[in-house]
Amino acid sequence: MFRSSSLLSFSAIVGKREKKLKKKTKNKMDDDDEKKKTKKKQITTLDWTTVIAIQSCSLISIMSSTFIFSTGIFMVKNFDRNNVKEDEAKAALRCGLLIASKPFFSAMSSYMWGRSGDRIGFKFNILVSVIFVAAINLAFGFAETYAQAVWVRSLSGFFDGIVVLVKPSLSLISDKTNANRAFGTTGLAYGLGTSIAPAIASFLAFPCTSWKMYDTKNEGGKECPALFEKYPFVLSSSWITIVAVPAFVFALVCMKIVPPTRAAAAVENSSREDIEKANGFSISFEMVETGKLNQ
């Protein structure tokens, strides 16, 4: 009898402990769910105006690099129209060198643009690079020889630092809660630039022969301007310069990038607080974690 009562009391104690343990586990799971919900809500507001301004400048760089994909071979043949002995293989080789000249010299100057962005500021360097790319792209349409075209396109690559400065700029205006959204626009800009630029460039090339308005055989056809006859690719490259003007103005007014540090950058192993103080602003890790940044 004594043993039975002891066993029953022991079982009751164990049952109570199990109930308490289950209750604690359930409460803990509920707290974890609440924390997860809270974390999901605490997403830093992204400055979409600045993101669009940055990617607008990026589009200028991408389009200036890819517009020649559809017209390059015809440019080379037009330069060598007096050389009837040149075969297709040689023309293709010269076209490949012409296309590759920009990314090659862009790679040569990438470190220079990165250092300049750290010292002077990413916004300033992006805007300067847009000016260079737009002006040189306009000059590219007036190239009369193959050597001139390669030289001008090489200059375009050397003075194009936009591709180097885009991602650091996006990293400065985003944090771990919204970085995927900010950097996701890079693929969008690249896709638009590489698809739109060659299509527009091919439409604008050889206007004297491809546009019906300049076909004198048809009724109402106008005489093609001498400028288009001498430079048949001036429109296929200069349109990027025209598009660059509103992109530059929009970026100048709306782009707000936190400038890189100057004082703290000279000190190795400087902490984040030191960098923030050197820039004249303070962002605590708690603000990033709780989503209070940019609110």
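Figured I'd write up the structure that's included with this text. (Residues numbered from 1 in each chain as written. Predicted model: local features only at pLDDT ≥ 70, side-chain atom pairs only at ≥ 80, totals over all residues. Heavy atoms only, no water.)

1. Here we look at the overall build of the protein
Looking only at helices and strands, the protein has 13 helices and zero strands in total. Moving toward the C terminus, one meets the helices and strands of the protein in the order α-α-α-α-α-α-α-α-α-α-α-α-α. Within the span of the protein, comprising 295 residues, buried residues form 38% of the whole. Partitioning the intrachain contacts of the protein with sequence separation of at least 6 by distance along the chain shows that 76% fall at a separation of at least 24. Accessible surface computed for the protein: about 18,100 Å², of which carbon and sulfur atoms make up 64%. (Helix = DSSP H or I, 4+ residues; strand = E, 2+ residues; numbered from the N terminus. Buried < 20%, exposed > 50% of the residue type's maximum accessible area, 1.4 Å probe, protein only. Contact = heavy atoms within 4.5 Å. Areas by Shrake-Rupley, 256 points an atom, 1.4 Å probe, with all protein chains shown as cover.)

2. Quick look at the pattern of salt bridges
On inspection of all chains with the given rule, the structure shows three salt bridges. A salt bridge links lysine 102 to aspartate 160; the shortest N-O distance between them is 3.1 Å. Within this pair, whereas lysine 102 is found in helix α4 (residues 88–119), its partner aspartate 160 is found in the loop between α6 (146–158) and α7 (162–172), the two being separated by 58 residues in sequence. Judged on exposure class, the residue lysine 102 and its partner aspartate 160 are both buried. One salt bridge in this structure joins lysine 230 and glutamate 144, with 3.6 Å as the shortest N-O distance. In this pair, lysine 230 is assigned in helix α10 (residues 226–230) and glutamate 144 in the loop between α5 (122–140) and α6, connecting sequence segments 86 residues apart. (Salt bridge = Lys/Arg side-chain N within 4 Å of Asp/Glu carboxyl O.)

3. A short note on a nonpolar patch on the surface
A cluster of nonpolar side chains, namely Val245, Val249, Leu252 and Val253, defines an oily patch on the protein surface of about 360 Å² accessible area. Locating valine 249 in the fold gives a position in helix α11 (residues 234–254). (Patch = residues over 30% accessible without salt bridge, like charges linked within 9 Å, V, L, I, M, F, W, Y side chains within 5 Å.)

4. Quick word on the side chain of asparagine 78
Mapped onto the fold, asparagine 78 is located in helix α3 (residues 72–79). Given the relative accessible area of 16%, asparagine 78 is considered buried. Setting aside chain neighbours within four positions, we find asparagine 78 in contact with Phe206, Pro232 and Phe233.

5. Considering the nonpolar core
One finds Phe140 and Met255 to be the most contacted residues of the largest nonpolar core, which totals 54 residues. Looking at this core, the elements with two or more residues in it are α2 (48–66), α3, α4, α5, α6, α7, α8 (179–204) and α11. For this core, the element with the most residues is α5, which contributes eight residues. What phenylalanine 140 contacts, discounting residues up to four positions off in sequence, is Phe67, Ile68, Met75, Leu98, Ala149, Val152, Arg153 and Ser237. (Core = buried A, V, L, I, M, F, W, Y, C linked by side-chain atoms within 4.5 Å.)

6. Let's talk about the environment of arginine 181
On the secondary structure map, arginine 181 appears in helix α8. Residues arginine 181 and leucine 46, spaced 135 residues apart in sequence, show a C-alpha to C-alpha distance of 8.4 Å. If near-sequence neighbours (up to four positions away) are discounted, arginine 181 is found in contact with Ile43, Leu46 and Trp48.

7. Side note on α5
In an α-helix, one full turn covers 3.6 residues, which means residues spaced three or four apart are oriented alike. In this model, α5 (19 residues) spans 26 Å end to end at C-alpha, consistent with the 27 Å of a helix rising 1.5 Å per residue. Those residues of α5 that sit buried are Phe122, Asn125, Ile126, Leu127, Ser129, Val130, Val133, Ala134, Ile136, Asn137 and Phe140. Close packing links the buried residues of α5 with α2, α3, α4, α6, α7 and α11. (Expected span 1.5 Å × (residues − 1).)

8. Some remarks on α8
With 26 residues, α8 extends 38 Å from end C-alpha to end C-alpha; this agrees with the ideal 38 Å at 1.5 Å per step. Of the residues making up α8, those classed as buried are Ala182, Thr185, Ala189, Gly193, Ala197, Pro198, Ala201 and Leu204. Close packing links the buried residues of α8 with α2, α7, α9 (207–210) and α11. Positioned one or two residues after α8, phenylalanine 206 has a phi angle of 50°, which is positive.

9. Considerations on unusual backbone geometry
Look at phenylalanine 206: it is not a glycine, yet its phi comes out positive at around 50°. Checked against the element boundaries, phenylalanine 206 lands in the loop between α8 and α9. Phenylalanine 206 gets classed as partly exposed once you look at its relative accessible area, which sits at 28%.

10. Some points on the packing of aromatic side chains
If you walk through the whole model with that rule in mind, you get nine aromatic pairs. Taking the centre distance of 5.9 Å and the plane angle of 85° together, the rings of phenylalanine 67 and phenylalanine 140 count as edge-to-face. You can see phenylalanine 67 sitting in the loop between α2 and α3 and its partner phenylalanine 140 sitting in helix α5, a full 73 residues away along the chain. With a centroid separation of 5.3 Å and an interplanar angle of 80°, the aromatic rings of phenylalanine 158 and phenylalanine 159 are classed as edge-to-face. Classification of phenylalanine 158 by relative accessible area gives partly exposed; the value is 29%. Judged by relative accessible area, which is 25%, phenylalanine 159 ranks as partly exposed. By the ring-pair criterion, three or more aromatic residues cluster together here, those being Phe203, Trp211, Tyr214 and Phe228. (Phe/Tyr/Trp six-rings, centres within 6.5 Å; stacked < 30°, edge-to-face > 60°.)

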